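# An overview of the molecular structure
Single-letter residue listing:
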2 protein chains.
Amino acid sequence: MAVKMVVVGSVALDTLKTPKGKRERALGGSAVYFSTVASYFTKVGLVGVAGKDFHKDHISFLESHGVDLEGFEQTEGKTFFWEGSYGADFGDATTHATHLNVFEAFDPKLPDAYRDAEFLFLANIHPSLQLKVIERVNKPRLIAMDTMNFWITSALEELKAVLKKVHVLFLNKQEAVQLSGEQKLAPAVFKLLEMGPMRVVVKMGETGALTATKNSWFFTPAFPCPNIIDPTGAGDSFGGGLMGYLAQSLDLSENGFRRGMIYGSAMGSITVEQFSLDSYKNLSRAVIDERYMKICEMLRVS
Amino acid sequence: MAVKMVVVGSVALDTLKTPKGKRERALGGSAVYFSTVASYFTKVGLVGVAGKDFHKDHISFLESHGVDLEGFEQTEGKTFFWEGSYGADFGDATTHATHLNVFEAFDPKLPDAYRDAEFLFLANIHPSLQLKVIERVNKPRLIAMDTMNFWITSALEELKAVLKKVHVLFLNKQEAVQLSGEQKLAPAVFKLLEMGPMRVVVKMGETGALTATKNSWFFTPAFPCPNIIDPTGAGDSFGGGLMGYLAQSLDLSENGFRRGMIYGSAMGSITVEQFSLDSYKNLSRAVIDERYMKICEMLRVS
């Protein structure tokens, strides 16, 4: 089956502590969360790098989800390692250690078979690498990117160049404020829409997520999880759900994006109910669709 | 025309500074914002107190909106005065001065004509005063209350007693966390629903607002105002729009509340577009309904 969507991003081992427990060297990374989630919707290829310490069970996990690994490399050295902890509010994590390891020299190599992929998601990596990947794909229907405060500070010019080449920009609210220079949400979003992307997606954690174009504005609530276990990867899961739905439906209308936002919200909520990617060990599409319907019900007004 | 809804709360003069300018001793107060907004939907009576410095133009303003002032007193002394300023993000105001003045001895007197009002809104006043008002009304269809961090800290037992007597609790997110003792939004709301009210409304500023019962969860986005002037009174305007719609429609179903939430969001966004209550100097119901329809469009998914 041909790869319909490509994600380029991190593959990581996370040691983390939340109010509900801890895990050591658990599977993580933006490309891993995104591709696992998107695999429930479409054929996705992962472009990323891990070290020799990356356990074969992790590879089996991705393969069992049908994630194409032709663009995944395992090189000499250690896998990107992150250690962090979350406070009682499960808000921004406190980082205790970040070892880039093999990710420091990450040079994404796009297999020829991926060049015709119709959907491309550039997870949070250096903007110059994002640009390089864009140059290697042929003519995707949709290019989306994520970014973070670190690149807004340290690689702003490159980031601005990428913004001109993508259709959809994903970020969180603080990043939207920082990148736009506008303090309020609506003016920030309007400013970002002038910087290149035709659509902005602002992720707001437990509140939900917003998507806007110059002519539309839509907010999906987050699913009210009674018992959050580990918020790691919620944002990339959101992206995997939204982009996965779009790749599956090929409906790039406003309504299609709105449905995708709801799938994104559903997937974010499923991810945080377990540590690491444990929610995806035995997840069926039926559970996803049920969560989707519940969020739809939360939006219904007649 | 008989008073259908009663609001009990503050009448104030506000000296405030925002990034867009300043105003001295401008009309304000929770009961003023609430009643002015609700007047576009129903016949509302204001129970509150001002001092002799409260200008007759302010009274004319309320009268011109059809607000019933039988429960409004003007006593010897000065009107409740607040001075504050907002930073570039228009977030929580910094308070420079609070002079309770005549509001300190506020003892709400409910005119006999108000005892049969079907809707009662207890704005942010001391819980013991809220209780007292509840004891004076006959059998309202709906009692709603607002509160604030100050009462959660200083009058928690009285506040808990009020919670058992109201149908709807309004608060903001920080207050929901503080009152419930739960750090995350969803668990906080579920806990509050066990404390008495059958419905909780969490106001979240520029993000929007949430309402939940034990069986439902609904989020209305805020209208994306490109140019906020003064956020003062947005929350009480939200309340006035929601409660006003309910009093007008008498539709207390889940769908009725959802429509009311959207009217609340519309009114909050209209308030912040001007200083003080200036947005209501020449506002027509048609403008309100247009804003309502725009927010409905933001929620539509098929």
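What counts, and where the lines are drawn
- What you see as residue numbers is a count from 1 along each chain, following the sequence as written.
- Numbering of ligands from 1 and lettering of chains from A proceed in the order in which they are written.
- Per-residue local features of the predicted model are confined to residues with pLDDT of at least 70, and side-chain atom pairs are confined, for both listing and counting, to 80 or more; whole-chain, interface and lining totals are unaffected and use all residues.
- Secondary structure elements are defined from DSSP: runs of H or I of at least 4 residues count as helices, runs of E of at least 2 residues count as strands, and each element is numbered from the N terminus.
- Radius of gyration means the value over C-alpha atoms here, while the globule rule gives 2.2 Å times the residue count to the 0.38 power.
- Remark: C-beta atoms are placed from the backbone, and a residue is labelled buried if 20 or more other C-beta atoms sit within 10 Å of its own, exposed if 12 or fewer do, or partly exposed between those counts.
- Any two residues are considered in contact once their C-beta atoms, placed from the backbone, lie within 7 Å.
- Copies are brought into register by a least-squares superposition over C-alpha atoms of residues with pLDDT of at least 70 in both.
- Axes, fitted as lines to C-alpha atoms, cover a helix only where it is in contact. Angles between the N-to-C directions of the axes lie from 0 to 180 degrees.
- Note on convention: near helix rotated counterclockwise from far helix by under a right angle means a left-handed crossing. Clockwise means right-handed.
- Gly falls in the polar group here, along with every residue not listed as nonpolar (Ala, Val, Leu, Ile, Met, Phe, Trp, Tyr, Cys, Pro) or charged (Asp, Glu, Lys, Arg).
- Roughly parallel means an angle under 35 degrees; roughly antiparallel means over 145; roughly perpendicular covers 65 to 115; every other angle is labelled oblique.
- Two strands form a pair only when DSSP identifies at least two bridges running between them.
- Here a nonpolar core is just a set of buried residues of the types Ala, Val, Leu, Ile, Met, Phe, Trp, Tyr and Cys, joined wherever their C-beta atoms sit within 7 Å.

## With respect to the overall build of chain A
Secondary structure assignment for chain A yields ten helices and 13 strands. The C-alpha radius of gyration computed for chain A amounts to 18 Å, which stays within 12% of the reference 19 Å derived for 302 residues, consistent with globular compactness. Along the first, second and third principal axes, the C-alpha atoms of chain A reach 55 × 45 × 40 Å. For chain A, the proportion of its 302 residues judged to be buried stands at 52%. Excluding contacts between residues fewer than 6 apart, the proportion of contacts in chain A whose partners are at least 24 apart in sequence is 66%.

## Considerations on the relation of the copies chain A and chain B
Copy one and copy two of the chain differ by a rotation about a common axis and a shift along it. Mapping chain A onto chain B calls for a rotation angle of 180 degrees and an axial translation of 0.0 Å; the resulting RMSD is 0.0 Å. Taken together, the rotation and translation describe the operation of a two-fold axis. Considering only C-alpha atoms, the residue of chain A closest to the rotation axis is A:Leu299, which sits at 3.1 Å. The residues that chain A uses at the interface reappear at the interface of chain B in 100% of cases, marking a shared surface.

## So, the packing of helix H1 (residues 30-38) of chain B against helix H8 (residues 234-249) of chain B
Residue and element names in this part refer to chain B. Across the interface, H1 lies against H8 with an axial gap of 7 Å and an inter-helix angle of 40 degrees. Judged by the sense of rotation from one axis to the other, the crossing of H1 with H8 is right-handed. For the pair formed by H1 and H8, the contact residues are Ser30, Tyr33, Phe34, Ser35, Val37 and Ala38 on the first element and Asp236, Ser237, Gly239, Gly240, Gly241, Met243 and Gly244 on the second. Here the contact of H1 with H8 is built from residues that sort into five nonpolar, seven polar and one charged.

## Observations regarding the packing of helix H3 (residues 127-136) of chain B against helix H5 (residues 156-163) of chain B
Residue and element names in this part refer to chain B. Between H3 and H5, the least distance of the axes is 8 Å, while the angle of their chain directions is 30 degrees. In this view, H3 runs roughly parallel relative to H5, as classed from their interaxial angle. Seen along the crossing, H3 lies across H5 with a hand that is left-handed. Listed contacts from H5 to Pro127, Ser128, Gln130 and Leu131 of H3 are Glu158, Leu159, Ala161 and Val162.

## Focus: the pairing of strand S12 (residues 208-212) of chain B
Residues and elements named next belong to chain B. Across the five residues of S12, five count as buried, placing the element largely inside the fold. In S12, alternate side chains face the same way, and those of Gly208, Leu210 and Ala212 on one face and Ala209 and Thr211 on the other are all buried. Bridge count between strand S11 (residues 199-203) and S12: four bridges; the pairing is antiparallel. Within S12, the position partnered with lysine 203 by the bridge is alanine 209. Hairpin connection from S11 to S12: four residues lie between these consecutive antiparallel strands, with glycine 205 at a positive phi of about 55 degrees. As judged from the five bridges shared by S12 and strand S13 (residues 217-221), these two strands associate in the antiparallel manner. Bridge pairing in S13 links alanine 212 to tryptophan 217.

## Focus: the nonpolar core
Counting 194 residues, the largest nonpolar core has A:Met5, A:Val7, A:Phe121, B:Met5, B:Val7 and B:Phe121 as the members making the most contacts within it. In this structure, B:Met5 is in contact with B:Ala38, B:Thr42, B:Val44, B:Ala117, B:Phe119, B:Phe121, B:Met243 and B:Ala247, ignoring residues within four places of it in sequence.

## Brief notes about the interface of chain A and chain B
Facing 30 residues of chain A, the contacting portion of chain B comprises 30 residues. Broken down by secondary-structure element, the contributors of at least two residues to the side of chain A that touches chain B are helix H7 (185-193), strand S13 (216-221), helix H9 (254-271) and helix H10 (285-299) of chain A. Here the side of chain A that touches chain B is composed, by residue class, of 20 nonpolar, five polar and five charged.

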